[in-house]
Protein chains: 2
Amino acid sequence: MRVGVDVGGTKTLAVAVDEAGRVLGIERRPTGRGAAAVVEGIAAVVEVLAGGRALDALGVGVPGQIAGDGVVRHALNLGIAEFDLAAALAARLGLRPTVDNDVRAAAVGARALLPGVDSLAYLNLGTGVAAGIVRDGMPWRGARGAAGEIGHLSVDPAGPVCPCGQRGCIESLAGGASVAARWGRPSAFPVADVFDAAAAGDPFGGSLQADVVRGVAAAAQLLVLTADVDVVVLGGGVSHLGERLLGPVRTALRAAASGSAFLASLDLADRVVPVPSGAPVGAVGAALLAEAPAGVVPG
Amino acid sequence: MRVGVDVGGTKTLAVAVDEAGRVLGIERRPTGRGAAAVVEGIAAVVEVLAGGRALDALGVGVPGQIAGDGVVRHALNLGIAEFDLAAALAARLGLRPTVDNDVRAAAVGARALLPGVDSLAYLNLGTGVAAGIVRDGMPWRGARGAAGEIGHLSVDPAGPVCPCGQRGCIESLAGGASVAARWGRPSAFPVADVFDAAAAGDPFGGSLQADVVRGVAAAAQLLVLTADVDVVVLGGGVSHLGERLLGPVRTALRAAASGSAFLASLDLADRVVPVPSGAPVGAVGAALLAEAPAGVVPG
């Protein structure tokens, strides 16, 4: 049995899966702030799922940059600047985990749930925007682990200013934090409020919604025209808008291709698909990415 | 001995190389228009280089879409709509070649000339703009052979109209044909004229030059942030501007990264390099991509 843990900014979700990635059990709890709380939260869900049995492998997906040795960097949502998470969990559980970036893990998990797909990009639409690319079942990391980090590609030099200093970055158009800041009204889910306002005829809401749609459409188009993945899977909090987002994004992609036989031949719109609803792709992917040590009983 | 042929719109260049890609001989001649003339031109240079010796493999790079079976489609510069080039050359030479896209072949050839580079994107700045991506020494084709076809990604919704119907495509900003059409003056090398005019203070030339620079910079940035290749190699006719193009492109990439520790950490500017001057990367790559049949004496 493998266990995968997806450490999000608000909740830590763990799954027990078999070698094929079939989910045998799920466990979740709120994520604490700071390294010690994160370690305890992971250990707690792992011990519950293991239930005293030996694990074949443990994988952890974390929102941050991951050095090959399991060191987490710049995980701001977790209150972690730099921390050797793999070593800390090995000490706590007696089982060294494989730690990877959460979006990359979700990409691997999404592929496990999409039979027949050889390559995909998992486009995470959350606080920020980034993609994980999977080819032949393996994550594509790139020369410096930056493959799929498309959030700070500018697609409009007259677009909104991004904290990165550029204008019109995909993340500045479609990232949850950017939309919330531009919307400027307290909300549990600002992007949904923006879409509601747009539907009600609010011009500002309409312009922000248009930016979200063109940002996501641009991201999908560039992932296909650069990596030519089979499909682009929309995931992350903003993707919970479902058809309200997917429909306009597909319309934008059809419009972009309407004047070009080449672009039309790529079927961009039909290659953008939603992540299977409620599927714990991040945790499943973390479990599948885990390198298997000898079976160990955690705790 | 392997022979590789790079069939360009104006000239057909062939090289004989050893298994390591070292060039043993070069042969060139003008490219004729139409399938029959293209076949004869290729056969002529191959026979000269073979000199009656058996070839281990023959590869041909062609500017067009290539079906896996060696059929060339939409090679407009060669006057070919659809033609089974592999079959025609097999009949003409008694040796079935491996036919591939010229940019993809150039990417493989560029890597052979850049020791220590594991992954690269060869950004072809010619009549159009497209990239070939090489990873682990092998070309990345993608799900539909469209990997690296970045020319029709829009980076400015207010940019020039592209024949594809979008505005501000990378190709509309930096493609030779687009620059020539916008410049609107007869010239053997319009992009060089535009850069000369800009240097002489001509405002229109300056604005066209700025578009070329930002188009190339955007292409390099998106290739690194999506595929995270070690280096982006600038090739193609427009790249003959050398430092006049590379300098401003690097300046633009440094400016884009100046406000972001993440972008700065990627060293975008230093990862853009010129193709080794005069190196026949397209022909060398075609030779290296060729699948080896039994040794056959062509002709």
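Each remark here, short or long, concerns the structure printed above.
Reference entry: report on the structure contained in this document.

Reading the values: the criteria
- Residues numbered from 1 in each chain as written.
- Chains lettered and ligands numbered in written order.
- Predicted model: local features only at pLDDT ≥ 70, side-chain atom pairs only at ≥ 80, totals over all residues.
- Heavy atoms only, no water.
- Core = buried A, V, L, I, M, F, W, Y, C linked by side-chain atoms within 4.5 Å.
- Buried < 20%, exposed > 50% of the residue type's maximum accessible area, 1.4 Å probe, protein only.
- Contact = heavy atoms within 4.5 Å.
- Helix = DSSP H or I, 4+ residues; strand = E, 2+ residues; numbered from the N terminus.
- Pairing = 2+ DSSP bridges.
- Least-squares fit on C-alpha atoms with pLDDT ≥ 70 in both.
- Phe/Tyr/Trp six-rings, centres within 6.5 Å; stacked < 30°, edge-to-face > 60°.
- Lys NZ or Arg CZ within 6 Å of the ring centre and 35° of its normal.
- Buried area = accessible area lost by both parts, 1.4 Å probe.
- Salt bridge = Lys/Arg side-chain N within 4 Å of Asp/Glu carboxyl O.
- Axes fitted to C-alpha atoms, helices over the stretch in contact; angles between N-to-C directions.

Brief notes about the nonpolar core
A:Leu123, A:Val232, A:Leu245, B:Leu123, B:Val232 and B:Leu245 are the most contacted members of the largest nonpolar core, which totals 105 residues. B:Val232 has contacts with B:Ala121, B:Leu123, B:Ala220, B:Leu223, B:Val224, B:Arg271, B:Val272 and B:Val273, leaving out every residue within four places of it along the chain.

What about the pairing of strand E4 (residues 57-62) of chain A?
Residue and element names in this part refer to chain A. Within E4, six of the six residues are buried, which leaves it mostly tucked inside the rest of the structure. Going residue by residue along E4, you find Ala57, Gly59 and Gly61 tucked away on one face and Leu58, Val60 and Val62 tucked away on the opposite face as well. Here strand E1 (residues 2-7) pairs with E4 via five bridges, running parallel. Bridge assignment links glycine 4 to a residue of E4, and that residue is glycine 59. Bridging between E4 and strand E8 (residues 98-101) involves four bridges; their strand directions are parallel. Following the sheet pairing, glycine 59 is matched in E8 by threonine 98.

Section: the relation of the copies chain B and chain A
Once chain B has been moved 0.0 Å along the axis and rotated by 180°, it coincides with chain A to within an RMSD of 0.0 Å. Given the turn and translation reported, the copies of this chain are related as if by a two-fold rotation axis. Scanning chain B for the C-alpha nearest the rotation axis identifies B:Val155, at a separation of 2.0 Å. When the interface residues of chain B are mapped onto chain A, 98% of them again lie at the interface, so the same face is used by both copies.

Examining the environment of B:Leu173
All names here are of chain B. Checked against the element boundaries, leucine 173 lands in helix H4 (residues 170-174). Using a relative accessible area of 0% as the deciding quantity, one classes leucine 173 as buried. Residues leucine 173 and glycine 151, 22 residues apart in the sequence, show an inter-C-alpha distance of 9.4 Å. The contacts of leucine 173, once residues within four sequence positions are left out, are Val155, Pro160, Gly168, Val179, Arg182, Asp211, Val212, Arg214 and Gly215.

So, the packing of aromatic side chains
Here a ring pair, both rings aromatic, is described through the centre-centre distance and the interplanar angle of the planes. The full count for this structure, using the stated rule, is three aromatic pairs over all chains. Ring centres of A:Trp140 and B:Trp140 lie 4.1 Å apart, and the angle between their planes is 20°; this geometry places the pair in the stacked category. Separated into two different chains, A:Trp140 in the loop between strand E11 (138-139) and helix H4 (170-174) and B:Trp140 in strand E11 (residues 138-140) make up a pair that spans both. There is no split in this pair, since A:Trp140 and B:Trp140 are both buried. The interplanar angle of 15° and the centroid separation of 5.9 Å between the aromatic rings of A:Trp183 and A:Phe204 together place this pair among those described as stacked. You can see A:Trp183 sitting in helix H5 (residues 176-183) and its partner A:Phe204 sitting in helix H7 (residues 203-227), a full 21 residues away along the chain. With a relative accessible area of 37%, A:Phe204 lands in the partly exposed category. We note A:Arg185 situated over the ring of A:Trp183; from NZ or CZ to the ring centre the distance is 3.8 Å.

As for the pairing of strand E2 (residues 11-17) of chain A
Residue and element names in this part refer to chain A. Burial within E2 is extensive, with six of its seven residues counted as buried. Bridge count between E2 and strand E3 (residues 23-30): seven bridges; the pairing is antiparallel. Looking at E3, one finds that lysine 11 is bridged to proline 30. Between E2 and the antiparallel strand that follows it, E3, lie five residues; glycine 21 among them carries a positive phi value of about 90°.

Describing the interface of chain B and chain A
Counting from both sides, the interface comprises 45 residues of chain B and, opposite them, 44 residues of chain A. Taking both partners together, chain B and chain A bury about 3300 Å²; carbon and sulfur atoms supply 57% of that area. Area buried by chain B at its contact with chain A is led by B:Trp140, B:Arg144 and B:Thr226, which between them contribute 21% of it. Joining chain B to chain A, the criterion identifies two salt bridges. For the salt bridge of A:Arg144 with B:Asp267, the shortest nitrogen-to-oxygen distance reads 2.7 Å.

Focus on the sheet that holds strand E10 (residues 129-135) of chain A
Residue and element names in this part refer to chain A. One open sheet holds the five strands; their spatial order is E11-E10-E9-E12-E13, and the pairing between them is mixed. For this open sheet the edge positions go to E11 and strand E13 (272-274), each flanked by a neighbour on one side alone. In this structure, E10 lies alongside E11, joined through two bridges in antiparallel fashion. Across the sheet, the residue bridging to valine 134 is proline 139, located in E11. Here helix H8 (residues 243-257) sits on the sheet in contact with strand E9 (119-125), strand E12 (231-235) and E13, set at roughly 175° to E13.

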